[in-house]
Amino acid sequence: MTVNQPASPVKIAKPRGIKPRTGIKGRVWKFGPDIDTDRIIPARYLNTSDPEELARHCMEDEDPSFSKSVKPGDIIVADKNFGCGSSREHAPIAIKASGVSCVIARSFARIFYRNSFNMGLPILECGDAVDSTDAGDILSVDIAKGEIRNVTRKKTYHARPVPQFMRELVETGGLMEWVRRKFPQAF
Amino acid sequence: MTITEKILARGAGLKEVLPGELINARVDIALGNDITAPIAISEFRRIGAKKVFDRRKVVLVPDHFTPNKDIKSATQCKVLREFAMEQKLTHYYEGGDVGVEHALLPEKGVVVPGDVVVGADSHTCTYGALGAFSTGVGSTDLAAAMITGELWFKVPESMKFVYYGRLNRWVSGKDLILYAIGDVGVDGALYRAMEFAGEAVRKLSMDSRLAMCNMAIEAGGKSGIIEPDAVTKEYVKRRAERPFRFYSSDPDAGYVEVREYDCRKIEPQVACPHLPENTRNVTDVGEVRIDQVVIGSCTNGRIEDLKVAAMVLKGKHVAPNLRLIIIPATPDIYREAMEKGYFDIFLKAGAVISPPTCGPCLGGHMGVLAPGERAVSTTNRNFVGRMGDVTSEVYLANPAVAAASAVKGRVAHPDEVCGL
C-alpha cells in the first residue's frame, strides 16, 4: 500500500496511555453468518438511545434468552459479515451495555466495524477461531496482541491485525477524544 | 483513477489517492436523522463542542418515526429541533416540509454531483446516483464530522457492474440492483465502491438510479456511484443550491472486479426472506399469499414509482383483506402524485396513503406486521423481524410487482394484472 501525504494528515497527538482493555476472559455465545443490526437491536427499540434499555433487547430476535443469560465478560463469536444492515450505533452500544467484552467474527460489515472502534467495543476478525469455537467455550483474549486463546480446547489463534490508525484511535480514547486533540479550536 | 478516487482526492486536497490509503477528507454535507442524530448531538455536547463547522452543511431530517409515533420518539425529535435552532441550521425539516431523507436531499439540491457526503444512515449511499461520493457512518462519526467538517476514510477499492442490452418491460433500477445483490451476495462488495455502468444504466431515469445506488449497502458496499451525464445534468440544473462538478473514471482506472450482466435476461426480481441476496425472478417465486403491500421508502417512494403503481392499479381493487399502504417519500412527490390523479386511483383501489415517513420499512409505525404475516414491499431490507413480528416475512420488489401483488393477494407479475 503506497501512502500519499494527505493535505491534512491522519496523525495522532501523543497517546495519553489509555490502553485498550487486555485480559478479557469469558464464555462464548455463538452466532451464524450475516447477523444484521435489526437482530442485534430491533428497530422497534430505537426510540431511545439509553444503553441499559437497549441492552435489555440485545439479540432479542435471534435468541430471546440472550439478554437475561448473558454475563459480564461473555464473548460473542459469529461468522461472516457481522453487523450488516443499518448504521445504528445502538448495535455496538447494546452489545457493550449487555456486558459483552469482545466480539470475534470471520468478518464485519464496515459501518459496524467503524462504530465499534469509535465507541470502544473491542472486536477482532479471526476465521480460525470462529471455525473451532463452540457456544459455552471459555476464551481468553489479548486485544492488543490480537491473540485469542480457547481455554476449553487449549488452542491459540491470531486475529487479523488491526490497522495502525485504528489502534491509535483506541489508544487515544476513541474518536471524540481524537477530535478534541486535533481540533482544539472547536472547543 | 476511478470517479470515487477522484472525488476523495479532491476532498482530501490531494492530486491522487490509491485504494487502501487512509485520508482525511472535507465533507460537503453531514446528515443525521431522528434515530442517529440524538447520539451524535449528545457526543457533541459531552466533548464540549460549541458550534458546528458550517451551519449550511449539517443537515438534520427527522423522518424515521415521524409524525412522532410515541413519546420517546417525540423526545428524540425534540433533541434535533432544539439543536437545529441553537445552531441555526439552514437544513432542518419537519411537519409539512419533511420527507424521507434520501429522497428529500437530492430533490432539494442539498447534495450535488462531486460532493463528499457522510450520513448517519446506511442508505446515505443513495446520492452516488448524482455522481457524489456518499457513505453511511455511525453517530460518533457524524459528531466528529459536525464539529470538524472532515472525516477519515480508507479509500475503497472499486468494483464495476456493467449492464448491457435493453431492459425488459417492468424492469427498473430496483431490479438491476437486486439482481447484482443476488449475484454477489450481501457481503459481495464489502468495503468496496460499487460503480454502475453500461448502456442500460445510461438510459435509466434519475429515480431509477437513486433506487439502484440506495441498495449498494445491501451488498456490503461502502458506496454506489454512477458517472454523471445528461440525465444527471437535467436533474440537478434546476435544483442544485451549490456549484457542482462532474467527475468520471479514467479509461485505465483500476477495478478489483468487474461484473457484466445482459439485461435481456433480467426479469422483475423478488428478494425472498430473510436476506436481500435471496433473489428470484418474480415468476419463480411460486404461490406466496400476502397480507400487506408497502409502496414507498428511500428506495422506491419517488414519483416514477408512484406513477408505475398507479398504472398497474388503475381501475383495480386490492385483494380482500389485504392492506395496501402507499407512502410518497417527500411533500413535493405527495403533491405531484395528488395533482396527477394517482391518489384517486390509489383510493379507489382501497389503498391507504401515508404522509412521508420511513415508518413500516423498519417496523416503526404506519404498517407493522403481526406474527406470521407476509408483506411485499418496495423497501430495501427483508431481515428477520424488519417490518414487525419476528415471525413475519418481507418480500422485496419493484413498485409494479408490489402493486400487482396487492391486486392478486399473492406475489404476482405485473403482466398478470395489466396484460400485454
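Since the model is a prediction, treat every value here as computed from it, not as a measurement. (Residues numbered from 1 in each chain as written. Chains lettered and ligands numbered in written order. Predicted model: local features only at pLDDT ≥ 70, side-chain atom pairs only at ≥ 80, totals over all residues. Heavy atoms only, no water.)

Low-pLDDT stretches of the model should not have their predicted coordinates read in fine detail. Per-residue confidence for chain B gives a mean pLDDT of 98; residues scoring 70 or more make up 100%. In the predicted complex, the global pTM is 0.95; the interface-specific ipTM is 0.94. (pLDDT = per-residue confidence, 0-100.)

On to the layout of surface pockets, then. By volume, the largest pocket amounts to about 860 Å³. If you trace the largest pocket, you find 44 residues lining it, with Phe117(A), Met119(A), Gly120(A), Leu121(A) and Val170(A) closest to the centre. Only helix H4 (90–97), helix H5 (110–119), strand E4 (123–125), helix H7 (164–172) and helix H8 (175–182) of chain A together with helix H2 (37–46) of chain B provide two or more residues apiece to the lining of the largest pocket. What the second largest pocket holds in volume is close to 520 Å³. Taken together, 22 residues line the second largest pocket, and the ones lying closest to its centre are Tyr113(A), Arg160(A), Pro163(A), Lys154(B) and Tyr191(B). If you list the elements that add at least two residues to the lining of the second largest pocket, you get H5 of chain A together with strand E7 (150–154) of chain B. (1 Å grid on protein atoms, 1.4 Å probe; cavity = no way out; pocket = protein on both sides within 12 Å on 5 of 7 lines; lining within 4 Å. Points joined across faces, edges and corners; volume = space filled by probe spheres on them. Helix = DSSP H or I, 4+ residues; strand = E, 2+ residues; numbered from the N terminus.)

Turning to the domain arrangement of chain B, a few remarks are in order. All names here are of chain B. Taken domain by domain, chain B comprises domain 1 (3–261) and domain 2 (269–418). Carbon and sulfur atoms make up 60% of the area that domain 1 and domain 2 hide from each other, which totals about 3200 Å². For domain 1, the biggest contributors to the area lost against domain 2 are Val100, Trp170 and Lys174; these three give 22% of the whole. Taken together, the connections running from domain 1 to domain 2 amount to three salt bridges. Here arginine 169 ties to aspartate 415 by a salt bridge, and the two come within 3.5 Å at their closest N and O atoms. For the side of domain 1 that touches domain 2, the secondary-structure elements that each account for two or more residues are helix H4 (101–107), helix H6 (173–184) and helix H8 (206–214). The element contributing the most residues to the side of domain 1 that touches domain 2 is H6, with six residues. Of the residues belonging to the side of domain 1 that touches domain 2, the class tally is 16 nonpolar, 14 polar and ten charged. (Domains from an automatic or database assignment. Buried area = accessible area lost by both parts, 1.4 Å probe. Salt bridge = Lys/Arg side-chain N within 4 Å of Asp/Glu carboxyl O. Nonpolar A, V, L, I, M, F, W, Y, C, P; charged D, E, K, R; others polar.)

H4(A) sits mainly inside the fold: six of its eight residues count as buried. For H4(A), every residue scored as buried is listed here: His90(A), Ala91(A), Pro92(A), Ile93(A), Ala94(A) and Ile95(A). Contact partners of the buried residues in H4(A): helix H1 (37–40), helix H2 (51–55), strand E2 (75–78), strand E3 (102–105) and H5 of chain A together with H2 of chain B. Immediately downstream of H4(A), the backbone of Gly99(A) shows phi near 105°, a positive value. (Buried < 20%, exposed > 50% of the residue type's maximum accessible area, 1.4 Å probe, protein only. Contact = heavy atoms within 4.5 Å.)

For Glu171(A), the location among the structural elements is in helix H7. Along the backbone, Glu171(A) and Ala144(A) are 27 residues apart, and their C-alpha atoms lie at a distance of 9.9 Å.

Below, the discussion takes up the pairing of E7(B). All names here are of chain B. In terms of residue burial, E7 counts as a mostly covered element, since four of its five residues are buried. As defined by bridge partners, strand E1 (residues 22–26) adjoins E7 across five bridges and the pair is classed as antiparallel. Within the sheet, the bridge partner assigned to isoleucine 23 lies in E7 and is phenylalanine 153. (Pairing = 2+ DSSP bridges.)

Turning our eyes to something else, we now look at the interface of chain A and chain B. With 55 residues of chain A in contact, the opposing surface of chain B contributes 61 residues. Carbon and sulfur atoms supply 59% of the area buried between chain A and chain B, which totals about 4700 Å² over both sides. Among the residues of chain A in contact with chain B, Arg110(A), Arg114(A) and Met176(A) are the three that bury the most area, contributing 17% of the side total. Across the contact surface, chain A and chain B share five salt bridges. Ionic pairing is found between Arg386(B) and Asp38(A), a salt bridge with its closest N-O pair at 2.8 Å.

A separate point is the nonpolar core. Phe82(A), Ile95(A), Phe153(B), Leu324(B) and Phe346(B) are the most contacted members of the largest nonpolar core, which totals 134 residues. The contacts of Ile95(A), once residues within four sequence positions are left out, are Ile40(A), Cys58(A), Ile76(A), Phe82(A), Val100(A), Val103(A), Phe112(A) and Leu121(A). By size, the runner-up hydrophobic cluster in this structure holds 55 residues, among which are Leu105(B), Leu130(B), Leu178(B) and Ala219(B). (Core = buried A, V, L, I, M, F, W, Y, C linked by side-chain atoms within 4.5 Å.)

Residues and elements named next belong to chain B. Running from N to C, H2 and helix H5 (residues 139–148) cross one another at 55°; their axes reach a closest spacing of 8 Å. Put simply, H2 runs oblique to H5. Along this stretch, H2 crosses H5, giving a crossing that reads as right-handed. Taking contact as the criterion, the partners of Ala37, Ile39, Ala40, Ile41, Glu43 and Phe44 in H2 are, on H5, Ser139, Thr140, Leu142, Ala143, Met146 and Ile147. Looking at the contact of H2 with H5, its residues break down into nine nonpolar, two polar and one charged. (Axes fitted to C-alpha atoms, helices over the stretch in contact; angles between N-to-C directions. Parallel < 35°, antiparallel > 145°, perpendicular 65-115°, else oblique. Left-handed = near helix turned anticlockwise from the far one by under 90°.)

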